[in-house]
Each structure stands twice: as structure tokens, then as C-alpha cells.
Amino acid sequence: MEKASNGTSALETQTAELDQPAALRKIISVSSIAAGVQFGWALQLSLLTPYVQLLGIPHKWASLIWLCGPVSGMLVQPIVGFHSDRCTSRFGRRRPFIVAGAGLVTVAVFLIGYAADLGHSMGDQLNKPPKTRAIAIFALGFWILDVANNTLQGPCRAFLADLSAGNAKKTRTANAFFSFFMAVGNVLGYAAGSYRNLYKVVPFTMTESCDLYCANLKTCFFLSITLLVLVTFVSLCYVKEKPWTPEPTADGKASNVPFFGEIFGAFKELKRPMWMLLIVTALNWIAWFPFLLFDTDWMGREVYGGNSDANATANAKKLYNDGVRAGALGLMLNAIVLGFMSLGVEWVGRKMGGAKRLWGVVNFILAICLAMTVLVTKQAENHRRDHGGAKTGPPGNVTAGALTLFAVLGIPQAITFSIPFALASIFSSNSGAGQGLSLGVLNLAIVVPQMVVSVGGGPFDEIFGGGNIPAFVLGAIAAAVSGILALTVLPSPPPDAPAFKTGAMGFH
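Cut-offs used in this document
- Residues numbered from 1 in each chain as written.
- Predicted model: local features only at pLDDT ≥ 70, side-chain atom pairs only at ≥ 80, totals over all residues.
- Heavy atoms only, no water.
- Helix = DSSP H or I, 4+ residues; strand = E, 2+ residues; numbered from the N terminus.
- Buried < 20%, exposed > 50% of the residue type's maximum accessible area, 1.4 Å probe, protein only.
- Contact = heavy atoms within 4.5 Å.
- Areas by Shrake-Rupley, 256 points an atom, 1.4 Å probe, with all protein chains shown as cover.
- Core = buried A, V, L, I, M, F, W, Y, C linked by side-chain atoms within 4.5 Å.
- Axes fitted to C-alpha atoms, helices over the stretch in contact; angles between N-to-C directions.
- Parallel < 35°, antiparallel > 145°, perpendicular 65-115°, else oblique.
- Left-handed = near helix turned anticlockwise from the far one by under 90°.
- Nonpolar A, V, L, I, M, F, W, Y, C, P; charged D, E, K, R; others polar.
- Salt bridge = Lys/Arg side-chain N within 4 Å of Asp/Glu carboxyl O.
- pLDDT = per-residue confidence, 0-100.
- Phe/Tyr/Trp six-rings, centres within 6.5 Å; stacked < 30°, edge-to-face > 60°.
- Lys NZ or Arg CZ within 6 Å of the ring centre and 35° of its normal.
- Expected span 1.5 Å × (residues − 1).

**A word on the overall build of the protein chain**
When you go through the protein chain residue by residue, the secondary structure sums to 19 helices and zero strands. Expressed as a percentage of its 508 residues, the buried residues of the protein chain come to 60%. Look at the contacts in the protein chain between residues 6 or more apart in sequence, and 82% of them connect residues 24 or more apart. Accessible surface, the protein chain: about 19,500 Å² in total, of which carbon and sulfur atoms supply 67%.

**Observations regarding the side chain of Thr171**
Tracing the backbone shows Thr171 in helix α8 (residues 168–194). Note on Thr171: relative accessible area 4%, which makes it buried. Contacts of Thr171, omitting those with residues within four sequence positions, involve Ser164, Ala422, Ser425 and Ile426.

**What to know about the nonpolar core**
In this structure, Tyr51, Phe138, Leu277, Trp298 and Trp359 are the most contacted members of the largest nonpolar core, which totals 126 residues. The element contributing the most residues to this core is helix α11 (residues 272–303), with 16 residues. Ranked by size, the runner-up nonpolar core spans five residues in total, among them Val80, Cys87, Phe97 and Val147.

**Looking at the packing of helix α5 (residues 95–113) against helix α7 (residues 132–164)**
It is the contact of α5 with α7, at a shortest axis distance of 8 Å, that shows an interaxial angle of 160°. Judged by the angle between their axes, α5 and α7 are roughly antiparallel. Remark: the crossing between α5 and α7 carries left-handed chirality. In the contact of α5 with α7, the residues fall into 21 nonpolar, four polar and one charged.

**Overview of the pattern of salt bridges**
Following the criterion strictly, the structure yields 10 salt bridges and no others. As a salt-bridge pair, Arg94 and Asp162 come within 2.7 Å of each other at their nearest N and O atoms. Here Arg94 is found in the loop between α4 (68–86) and α5, whereas its partner Asp162 is found in helix α7, with 68 residues between them in sequence. In this structure, Asp322 engages Arg325 in a salt bridge whose closest nitrogen and oxygen atoms are separated by 2.6 Å. Here Asp322 pairs with Arg325, and both are found in helix α12 (residues 314–343), just three residues apart, close to one helical turn. Each of Arg93, Arg94 and Asp162 takes part in a single network of salt bridges with overlapping partners.

**Let's talk about the confidence of the model for the protein chain**
Looking at the protein chain as a whole, its pLDDT mean stands at 78, while 81% of the residues score no less than 70. Model confidence for the protein chain, summarised as mean pLDDT per element, is weakest for helix α10 (residues 259–268) at 57 and strongest for helix α15 (residues 396–408) at 94. Confidence drops under a pLDDT of 50 for residues 1–18, and excluding neighbours within four residues, the segment shows 42 contacts in the predicted structure. Ignoring residues within four places in sequence, the model shows residues 497–508, a span with pLDDT below 50, making 43 contacts including any to other chains.

**Thoughts on the side chain of Thr377**
Secondary-structure assignment places Thr377 in helix α14 (residues 355–386). Sequence-distant contacts of Thr377, that is, excluding residues within four places in its chain, are made with Trp298, Glu302 and Ile469.

**Concerning the environment of Leu366**
Inspection of the secondary structure assignment puts Leu366 in helix α14. Residue classification places Leu366 among the buried residues on the basis of a relative accessible area of 0%. When the C-alpha positions of Leu366 and Ile477 are compared, they lie 9.8 Å apart, and in sequence the two are 111 residues distant. Those residues in contact with Leu366 that lie beyond four places of it in its chain are Asn284, Ala287, Trp288, Leu409, Pro412 and Ala479.

**As for the environment of Thr88**
As for its placement among the helices and strands, Thr88 is situated in the loop between α4 and α5. Taking the C-alpha atoms as reference, Thr88 lies 6.1 Å from Pro243; in sequence the two are 155 residues apart.

**Looking at the packing of aromatic side chains**
By convention here, two paired aromatic rings are described through the distance between centres and the angle between planes. Scanning the entire structure with this criterion turns up 12 aromatic pairs. Measuring from centroid to centroid gives 5.3 Å for Phe180 and Phe181, while their planes differ by 70°, and the two rings are edge-to-face. The ring of Phe421 carries the charged tip of Arg157 above its face, separated from the ring centre by 3.6 Å.

**Structural notes on the environment of Arg196**
Relative to the helices and strands, Arg196 resides in the loop between α8 and α9 (212–238). Judged by its relative accessible area of 42%, Arg196 is partly exposed. Sequence separation of Arg196 and Asp322 is 126 residues, and the distance between their C-alpha atoms is 9.6 Å. Once residues within four sequence positions are removed from consideration, Arg196 is found in contact with Leu212, Asn216 and Arg325.

**A short note on α5**
An ideal rise of 1.5 Å per residue puts 27 Å on 19 residues; α5 measures up with 27 Å between its terminal C-alpha atoms. Where α5 is concerned, the buried positions are Arg95, Phe97, Ile98, Gly101, Ala102, Val105, Ala108, Val109, Leu111, Ile112 and Gly113.

If you want it as C-alpha cells, here you go:
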């Protein structure tokens, strides 16, 4: 087995000849799994922050529930990536992990959907929050769901990199389709979340301890499981992998490098392009996470003037729920723009002079949109002040302005969901690193910012009087810095040619 130039095992590669990139239809089929994954993720983003507050967690601590994601992502995705690079199953390297991830999603969704019911059966009082037992069950399910999502997404992207066989253009196309199907999942998830009476499709979801909001959430998750299982089954039956056999070392034994030695070695051997990519990615996600975690909460609190606290008035809770549903509609518009933009990433990138320039420019769009949330919030507050604390929500022009921000943010989001992963695959192919491990390392630049936002977002907002605006402004600053660095220090990717070395295997 060939190793990196200094002899470390962190960047082990195969010396076998590359197969040709897989047919586009196979890449599209594997990419479609993203729709099932993102359906559930969209439900998390739009509905779960309000839901945990209804269970009794105060707003300033609600962000802590999202700490599950980055902690599991920091551990799970690099480990899964490492082992999927070396899996010798007769079913292939990536497919067993994708199936396992889909199974874990099913378990997690059951726990989340039935948290209130199970909590009540274990002793929670119906009208006395916090519902501690329901919160504990919800947190367990939420944790498993994030582990499952990381188990799914890492191998899926590595599978696409394998199918691209080191071809830079094919890699960008594969990640663009993955981003497109993420948008499809987003549209479905946000549309389901914005529909008030979806529970009537599965009427048994409403129970004594599970009200209309809870029943809608439960029904949405049932639909997401159905979609995920369907696309996963079809894709993995259609696209096969050849089993991987590790090449023996000089002493005739297969190399067996411990995971932590490999991951630390991977960091030690990272080239400058990958380090710059990690820095730009981290700043980019510091900008994104405050809005992604609290966008519907922002609509319910700041734009609609509602309140989800247990002691809030009935009208305040109604306004908050109306705002959350309006936020879900905005996220659906966001996903539609994201989908169309994803299909045009390759063309737009060529017109703008390359991937790094495109990423830099859209980061400034992200910064402007996040800064504009301040203006929308001030307009909504002025309307409530001038109309004696309006009890019917914001005027049409304020709602339209907020929804426009959601839609425009689909443009930079399409780039965030595709270009960093494509660049990571390209840079790792040219350095000889395994695709699964390299994408796991990139994932650390995503989960560390999420940990920072999850731990510090709520208390940071409290310092400035509560609400979501302080974190959004900080995100705008991070987006601007990320854009500057993308334009000035991020290297341009190599020409559209197959990489000389890669860990990719052939498929049939």
C-alpha cells in the first residue's frame, strides 16, 4: 500500500487503477437519499425548537438541545468515515453504513414523536411544565437522530466521491445533485411543517398528552421515515459496490492503523488548501447556525410578537404558532430557491470565474440578509407600538420582507451545501487521502461552530436583552469575514481532470 510522503498511515491510498466515473443516473440515484435525510432535518429546524419550549425548556436554554448534533457529529462522522474507507463487507464500503443510519433514524423519530405520550405515561402532568420525562425521552431521540444523520450523510457523500472516481467536474456535479435533493427534502419538510391539519392524515397521532402541534409533528416524522426508507431501498438496490480488499503491507498483513492515530495524522498532514477550506467553512457555519436554529422562533417572537412560554397568554401563544408556520413557509420558499440554484452551481461558477469566487460572493449575500433581519424586526416592533401591541400579527409588507429574506438565503445555502464538500473531495483526491476520512475532517469545521452557537447562542442573546437578533448580527459579521477569506486565501481547485490518486473503488 502506498503512503503519504513522510510514511505516515494517515493518507493511505490504493495503487489500483481508477475505474471510469459512474453513469450520471447512478450518481443521481445515490444523491436522492439526501431528500429523505433532509426531510427529517427540515422538520428539526422548523418545528423542534418551538416544540422543546412547549415541553417547558426556557428560550434561553433551548439552544442547548442542539448541542446533541455537533457532539455526535464530531465523534460519529470521522469514525464512520474512517471505518467506511476500510469496510470489507461483501455489500461494499458505504452501503452498510447508509442502511444502519436509516434504521437509527426510524428509532429516533419514534422516540421524538412519542416523547409527550411516553412522558405522560411515566408520570408527567398534562398542564404542568416542564415535562421532565418527555424532555428526557425527546433528548434521547434527538441525540440518536443526529447520530443517524451523521451515519447517513458522511458515507453518502463519500459514496458520491467514489462514484466520481476522482474526476473534479463529476465530483462538483455529484455534490450539486446532492444539494438539489437536499432542497427537495427541505421543500417537503417545510411544506409539511407549515400545514396546520396534517395530523388528520394519521388521526391516531392526536392523544390526550399530544395536542394539535405535537400531532402534526408526529405525522410529519412518519412521512419522513416513509420517504427515507423508500429512496434508500431503491438507491442501494440499483447502485452496487464492489467489495473492497485492503492491500497487504510488506510483511504480508493488511494495514491496521488505529482510528485516533489516523485522524490525528490526517490533521498533521493536511495541506494548506485543506486548512484554508476548514477555516472558511467554520466561519461560514458560524454565520449560518444562529439563523438555521432560530429562524422560525424569530418569526414567532420578533416578527409576530408571540410567546411560547408556559405562562404566556393564549393570544401570545397563537401569534407565536402563526409565526412558526409562516417561518416554515419561508423555509419552503428558501428550499425552492436552493433547489434551482443547486442545479445551476456549475454554470454560475464558470460565469463568475471559479468556485472560490462564487463562494466568496454569496457569503456577502448571506451577511446582508442576516443584517436585514434587524430592519424587519424593527418594522414589526414599530407596528406593534403604533397599534397598541397589535394582536393580529405584523402587516403584510413586514411578513413579505421576512419571507423574501428566507427565499434569497436559498442562494448562498445552495453553495454552502455543495462547493465546500466538492473542494474537500478534490483536495483530498490530489493529496491521496481517503474520501470518508477527509469529509469527516471537514465535518469538524461544521460541528465545532454548531457547538459554539448551541452553548453560547441563548446566553449571548440574553446579554443583549433576549431575542434572536444579537446572534444574527454576529452571524452577519462571520459571513462577511468568511467571504473575504474565500476570495483572498482559499486556493482555486485544480483543472477538471481525474486525480492521480484516490481511494475510490469501481462500481457496477
